[in-house]
Amino acid sequence: MHRARTVLKQIVPLKPHLGLERFAPWCYPAEGAVAVLWKSQIHQKRHYNAPVATEPFLNGSSSAYVEEMYNAWLRDPKSVHVSWDSFFRSTSAGAAPGQAYSPPPSLAQAPRNTVPISALAPFIGGGHASLTSHVDEKVIDDHLAVQAIIRSYQIRGHHIAELDPLGISSADLDEKHPPELLYTTYKFEEKDMDRVFKLPSTTFIGGKDKALPLREILNRLENAYCRHIGVEFMFINSLEQCNWIRQKFETPGIMEVDNEQKRLNLARLTRATGFEAFLARKWSSEKRFGLEGCEILIPAMKQIIDKSTELGVESIVMGMPHRGRLNVLANVCRKPLEQIFTQFAALEAADDGSGDVKYHLGTYIERLNRVTNKNIRLAVVANPSHLEAVDPVVQGKTRAEQFYRGDGEGKKVMSMLLHGDAAFCGQGIVYETFHLADLPDYTTHGTIHIVVNNQIGFTTDPRHSRSSPYCTDVARVVNAPIFHVNSDDPESVMHVCNVAAEWRSTFHKDVVVDIVCYRRNGHNEIDEPMFTQPLMYRKIRNTKPGLDKYADRLISEGVVTPEEVKDVRDKYDKICEEAYTNARKETHIKYKDWLDSPWSGFFEGKDPLKVSPTGLKEDTLVHIGKRFSSPPPNAAEFVIHRGLERIMKARMEMVENRTVDWALGEAMAFGSLLKEGIHVRLSGQDVERGTFSHRHHVLHHQNVDKATYRPLCFLYPDQAPYTVCNSSLSEFGVLGFELGYSMTNPNALVCWEAQFGDFNNTAQCIIDQFISSGQAKWVRQSGLVMLNPHGLEGMGPEHSSGRVERFLQMSSDDPDYFPPESEEFAVRQLHDINWIVANCSTPANYFHILRRQIALPFRKPLILLTPKSLLRHPEAKSSFDLMVEGTEFLRLIPEEGPAAGNPDAVKKVVFCSGKVFYDLKKSRDEKKLTNDIAIARVEQISPFPFDLVKKECAKYPNASLVWAQEEHKNQGPWTYVQPRFSTALNDTRDIVYAGRPTAASPATGSKMTHLRELNQLLEDALAL
């Protein structure tokens, strides 16, 4: 050390700035670089990214080496390694303590979570700093701040996007500017705007550039996220999907449109606007729920269809509310304008049915897509005024189409759902439908949702109709990206539509396009909106239509001339006028022109009143019974539950004894239909096992997760597919889904089972608006089977009643009309009614009625009240003799005991339906009244078996007649059957009621009260 100082003294006169006080910082462990290294050794400091801690270089032996190096450097700086040269130069230049030494850049790959400092080289101090100079902490902080700004725009940019075409409110109901979108929040000033920053890998705004000035970064982020498109996607938990979306919106020039596309947009917008204007001119006082204010919807839908067909889609199933429906039918589906215009005329219908208003009707069109030159099938599903109720129906229809086409990934068939803003966030069925999106047996592999966001619901302001910032927030539950777009910027709308179609094709997941627009008129054309939204409508009156704005823009850009704009407008007006002239020649309207699910070839060449036989060969019954009762073929490896082994053994014994219980009868009905090539689908809560643990259509390996065996899928090598699937805990959504599924193909048995019949009223909207009245309104048939476990068994008011009275009340047969008796009496009744309501008491009858659904030459919904205790009742079994060839469904099961042998001596005939028969029979036997009382079971309640009731009553001329039911007097079938008994007997005999008195609740919650009521019922019914 002394010699080092001696050498230094010698050179100080030559280099005055290298004084003795400069010697200590790098050589002495008090304050300098060496001190830091010594301290690191003393305190065992951890180095997270370095594989080995830096070795301190000044200790007893190395100090002499340093002195030697220094002396050599003083004589000739080139004689030492460049790292020593750098170190001594930095010290001589007055480097701060601890910062004189810079390690050379490493050629090794940077460890995880580190960035080599060289990566920042171009941006340090304006891009001119050398690698060896000190990196200011502010530089790093500023780069991190730029990354935070980019991320903030990606997450929050949509909050300040210019989405409202009226410019009066924020689409997210919040006028505040998020502070994280202000560069001043990150301590940037105007002088920093031209500093260049490296771009992170989580953005695509740079295109081919890896770095941009801050001003340009902010400008590009504003263009991508804050102009007329607001993108919500950063909640998606997939980096791949987030990056895909970033690329679609951030890439420079991605939204540029050629002139041909602009002219196409203009032509489509002209047609959409012209259609509404024509209707307004011709039928000014008619309700039509026009699209004025959101005419861009039509080009948007057409763009999605164009892009989707280009990507391989061949069929699109659409559901929508009433607003804009006629325009969609005319300009998207290209339904003949004459058929639409005749709906405005008060014409008689040429076919059966009561019809529906024009803005509820559906359609089915197969046409050529002129843009892609490919054929496309478009179906708009008919719907009621109940907003969003059609959503699950569309999904079910889409899923069925995918199934029958073998389209397991949804590449050929897709669904598109349109929504209003208030309904999308207000109706719970939207949430139920979203939750079917990824369920294996319900997914449609991605739906494109379009929200026509009028920013108003009838007369209700959005601030009073939702608690969420946007009306689309419900879509976040399934990680669907949401694209908000200003309706007055057609090119932005087309861009998000292209992205939506590509997203669905790429990821097969839902996506939402939220078109923020306005409603130029009131809720309908004769409604006055100024009563409730005066400021909004004053602004609307002064707002130019979207078409005029876009036309002016294209004229100013030189894309079109004013003459071309006028020519396109006049041409479409002329088309409308010609169609109007033709429509006035029509004398009738045809409901079948509006059918959304045609069954080509199903009705042709069939006798409309001929029912195929439902009985089977005994060999078939035995084969299905044995297969259903057998364990899997690899039974030694597939471990099933011991309880199931007992059940299957009992089933096998029943097959050998030629009898069936409820579960076996059902399996034989399903299995025989599968053998005949009929697809069977059973869906609902817990249907695989059955609510009451009776069905067991899916066997589970006890030791291997997800290993299952479905016996009914392996009955025959060439059988139709069998689907049995537990649904989500939803009635409204899933029943709607199964209805849509049943509409697609008549050659399928589609069943929905309620967990308990009591819960079907959660789906009341589907029952009332679609199942009960669908055929009358829309000429649309469905063979859907609703299974409703029903029966008062002391389980309380919510586990007792399938509410049979409601289904019967909606049955369309006339209580005062006894149809002419003939061989076709039964099938003609079925043909003329809206649905069938039955409460079977035997497995054989259940077997036949399920098979009859397919044997009929038409389709009707079947409402079945199914049993609970009868599933295991020893007497509720049927012999093969009631199921073999030559047997059929019995609408009424007459008395078969001693009373039937001596009818004149019978004093009372008790009519009943369902489970109560077994209670009555047991009580009658105990009272030894088998000769005095006959009990007849009405198995098919609606349509009412007038002929069989008349025959059974005539058989017992001296008997009094009683209707016995376990339900309360104001519930159950009594109010339905009473007038029909009078009609069947031509008012010659009275029938009296025996059962529980009227009540508000379906059943008591007290077991004691239940038993007392039951005893009283039996007493009243069997009293002589």
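Since the model is a prediction, treat every value here as computed from it, not as a measurement. (Residues numbered from 1 in each chain as written. Predicted model: local features only at pLDDT ≥ 70, side-chain atom pairs only at ≥ 80, totals over all residues. Heavy atoms only, no water.)

Asker: Mind showing me how you'd approach the overall build of the protein here?
Answerer: Along the backbone of the protein there are 33 helices and 28 strands. In terms of C-alpha radius of gyration, the protein reaches 40 Å, well past the compact-globule figure of 31 Å for 1024 residues. By its C-alpha atoms, the protein is 145 × 80 × 50 Å across when sized along the principal axes. Looking at the protein as a whole, 55% of its 1024 residues are labelled buried. (Helix = DSSP H or I, 4+ residues; strand = E, 2+ residues; numbered from the N terminus. Rg over C-alpha atoms; globule rule 2.2 N^0.38 Å. Buried < 20%, exposed > 50% of the residue type's maximum accessible area, 1.4 Å probe, protein only.)

Asker: Is there a simple way to explain the confidence of the model for the protein in this structure?
Answerer: Reading predicted coordinates in detail is not appropriate for stretches of low pLDDT. On average, residues of the protein score 89 in pLDDT, and 90% of them reach the 70 mark or higher. Counting contacts from residues 6-55, a segment whose pLDDT is below 50, to residues more than four positions away or on other chains yields 53 contacts. Predicted confidence is poor over residues 125-133, with pLDDT under 50, and the contacts of this stretch with residues over four places away or in other chains come to 8 contacts. (pLDDT = per-residue confidence, 0-100. Contact = heavy atoms within 4.5 Å.)

Asker: Just checking my understanding: could you explain the sheet that holds strand β27 (residues 960-968) for this structure?
Answerer: Pairing between the strands of a sheet is mediated by backbone hydrogen bonds and can be parallel or antiparallel. Taken together, 5 strands build an open sheet; the order of strands is β23-β25-β24-β27-β28 and the sheet is mixed. The two strands at the open ends of the sheet, each matched to only one other strand, are β23 (892-893) and β28 (991-996). As defined by bridge partners, strand β24 (residues 908-912) adjoins β27 across 4 bridges and the pair is classed as parallel. When the sheet's bridge partners are listed, V909 is paired in β27 with L961. (Pairing = 2+ DSSP bridges.)

Asker: Would you take a moment to explain empty space enclosed by the protein for this structure?
Answerer: A water-sized probe rolled over the atoms picks out the places where empty space is left. Taken as a whole and assessed by the stated rule, the structure comprises 13 cavities of 30 Å³ or more. As a volume, the largest cavity reaches approximately 90 Å³. Surrounding the largest cavity, 13 residues form its lining, F770, G774, Q775, R780 and S782 being those nearest its centre. When contributions to the lining of the largest cavity are tallied by element, the ones reaching two or more residues are α23 (732-744), α24 (764-772) and α25 (774-778). Looking at the lining of the largest cavity, its residues break down into 6 nonpolar, 6 polar and 1 charged. (1 Å grid on protein atoms, 1.4 Å probe; cavity = no way out; pocket = protein on both sides within 12 Å on 5 of 7 lines; lining within 4 Å. Points joined across faces, edges and corners; volume = space filled by probe spheres on them. Nonpolar A, V, L, I, M, F, W, Y, C, P; charged D, E, K, R; others polar.)

Asker: Before we go on, may I ask you to explain the packing of aromatic side chains in this structure?
Answerer: Scanning all chains against the criterion turns up 41 aromatic pairs. Measuring from centroid to centroid gives 5.9 Å for F756 and F759, while their planes differ by 70°, and the two rings are edge-to-face. The exposure class assigned to F756 is buried, which follows from its relative accessible area of 8%. By the ring-pair criterion, three or more aromatic residues cluster together here, those being F818, F825, F911, F944, F946, W963 and F981. In this arrangement the basic side chain of R681 is found over the ring face of Y741, its NZ or CZ atom lying 4.6 Å from the centre. (Phe/Tyr/Trp six-rings, centres within 6.5 Å; stacked < 30°, edge-to-face > 60°. Lys NZ or Arg CZ within 6 Å of the ring centre and 35° of its normal.)

Asker: When you look at the nonpolar core in this model, what are you seeing that I'm missing?
Answerer: In globular proteins that are soluble, nonpolar side chains generally tend to be buried together. With 166 residues, the main nonpolar core has L297, F341, M416, I515 and F911 as its most contacted residues. A total of 9 residues in this core trace back to one element, the largest contributor, which is helix α16 (residues 490-507). In contact with I515, not counting residues within four places along its chain, are C294, I296, L297, A300, I450, V451, V452, N453, V485, S487 and V493. Counting residues in each nonpolar core, the second largest holds 53 residues, with F628, W662, L674 and L830 among its members. (Core = buried A, V, L, I, M, F, W, Y, C linked by side-chain atoms within 4.5 Å.)

Asker: What exactly am I supposed to notice about the pairing of strand β7 (residues 374-380) here?
Answerer: Remember that side chains alternate between the two faces of the sheet whenever the strand is regular. Where strand β4 (residues 315-319) meets β7, 4 bridges bridge the pair, whose relative direction is parallel. Paired with M318 across the bridge in β7 is V380. The pairing of strand β6 (residues 363-369) with β7 spans 7 bridges and is antiparallel. Its bridge partner being in β7, N369 is matched across the sheet by K374. A loop of 4 residues connects β6 with β7, the two strands running antiparallel in sequence, and N373 in this loop sits at a positive phi of about 60°.

Asker: So what exactly am I meant to see when it comes to the pattern of salt bridges here?
Answerer: Close approach of charged atoms lets side chains of opposite charge pair. Scanning the entire structure with this criterion turns up 57 salt bridges. E577 is paired through a salt bridge with K282; the nearest N and O atoms lie 3.3 Å apart. Taken together, the positions of E577 in helix α19 (residues 562-583) and K282 in helix α9 (residues 259-282) put the pair 295 residues apart, joining distant regions of the chain. For E577, a relative accessible area of 28% gives the class partly exposed. On the accessibility criterion, K282 (28% relative accessible area) is partly exposed. Beyond isolated ion pairs, a larger network of salt bridges with shared partners links K262, D489, E491, R553 and E557. (Salt bridge = Lys/Arg side-chain N within 4 Å of Asp/Glu carboxyl O.)

Asker: Got a minute to help me understand unusual backbone geometry in this structure?
Answerer: A negative phi angle characterises most non-glycine residues, just as the trans form characterises most peptide bonds. A cis amide bond links S942 to the next residue, P943, at an omega of 0°. Examined against the element boundaries, P943 turns out to sit in the loop between β26 (940-942) and α31 (946-955). Notably, R334 is not glycine yet its phi reads approximately 60°, a positive angle. Along the chain, the position of R334 falls in the loop between α11 (325-332) and α12 (337-342). In this structure R334 comes out as partly exposed when scored by relative accessible area, which is 26%.

Asker: Help me understand the environment of F275 in this model?
Answerer: Note that F275 resides in helix α9. Considering only alpha carbons, one finds F275 and R334, 59 residues apart in sequence, at a separation of 12 Å. When neighbours within four sequence positions are excluded, F275 is seen to be in contact with L326, N327, A330, N331, L337, I340, F341 and Y572.

Asker: Would you mind showing me how to read the packing of helix α30 (residues 916-926) against helix α33 (residues 1007-1022) here?
Answerer: For the pair α30 and α33, the least separation of the axes is 10 Å and the interaxial angle reads 70°. Classified by the interaxial angle, the pair formed by α30 and α33 is roughly perpendicular. Considering only the axes of α30 and α33, their crossing is right-handed. Residues V916, D919, L920, S923 and R924 of α30 lie in contact with α33, whose contacting residues are L1014, L1017, L1018, A1021 and L1022. Tallied by class, residues from the contact of α30 with α33 come to 7 nonpolar, 1 polar and 2 charged. (Axes fitted to C-alpha atoms, helices over the stretch in contact; angles between N-to-C directions. Parallel < 35°, antiparallel > 145°, perpendicular 65-115°, else oblique. Left-handed = near helix turned anticlockwise from the far one by under 90°.)

Asker: Help me out: how do you make sense of the sheet that holds β4 in this one?
Answerer: The strand order across the open sheet built from 8 strands is β3-β10-β11-β9-β8-β4-β7-β6, with neighbouring strands paired in mixed fashion. Single-partner strands in this sheet number two, and they are β3 (229-232) and β6. Taken pair by pair, the neighbouring strands of this sheet meet at an average axis angle of 20°, ignoring direction.

Asker: Mind showing me how you'd approach the side chain of K777 here?
Answerer: Looking at the secondary structure, you find K777 in helix α25. Within the structure, K777 has its side chain in polar contact with the backbone oxygen of Q769 (distance 2.9 Å). Discounting residues that sit within four places of it in the chain, K777 has contacts with S354, G355, D356, L361, P384 and Q769. (Polar contact = N/O pair within 3.5 Å; in protein donor to acceptor, adjacent residues only side chain to side chain.)

Asker: Got a minute to help me understand the pairing of strand β18 (residues 748-753) in this structure?
Answerer: Among the 6 residues of β18, 6 are classified as buried, and the element is accordingly described as predominantly covered. Side-chain alternation along β18 places A748, V750 and W752 on one buried face and L749, C751 and E753 on a second face that is also buried. Here strand β14 (residues 679-684) pairs with β18 via 6 bridges, running parallel. Across the sheet, H679 pairs through a bridge with A748, a residue of β18. As defined by bridge partners, β18 adjoins strand β19 (residues 785-789) across 3 bridges and the pair is classed as parallel.

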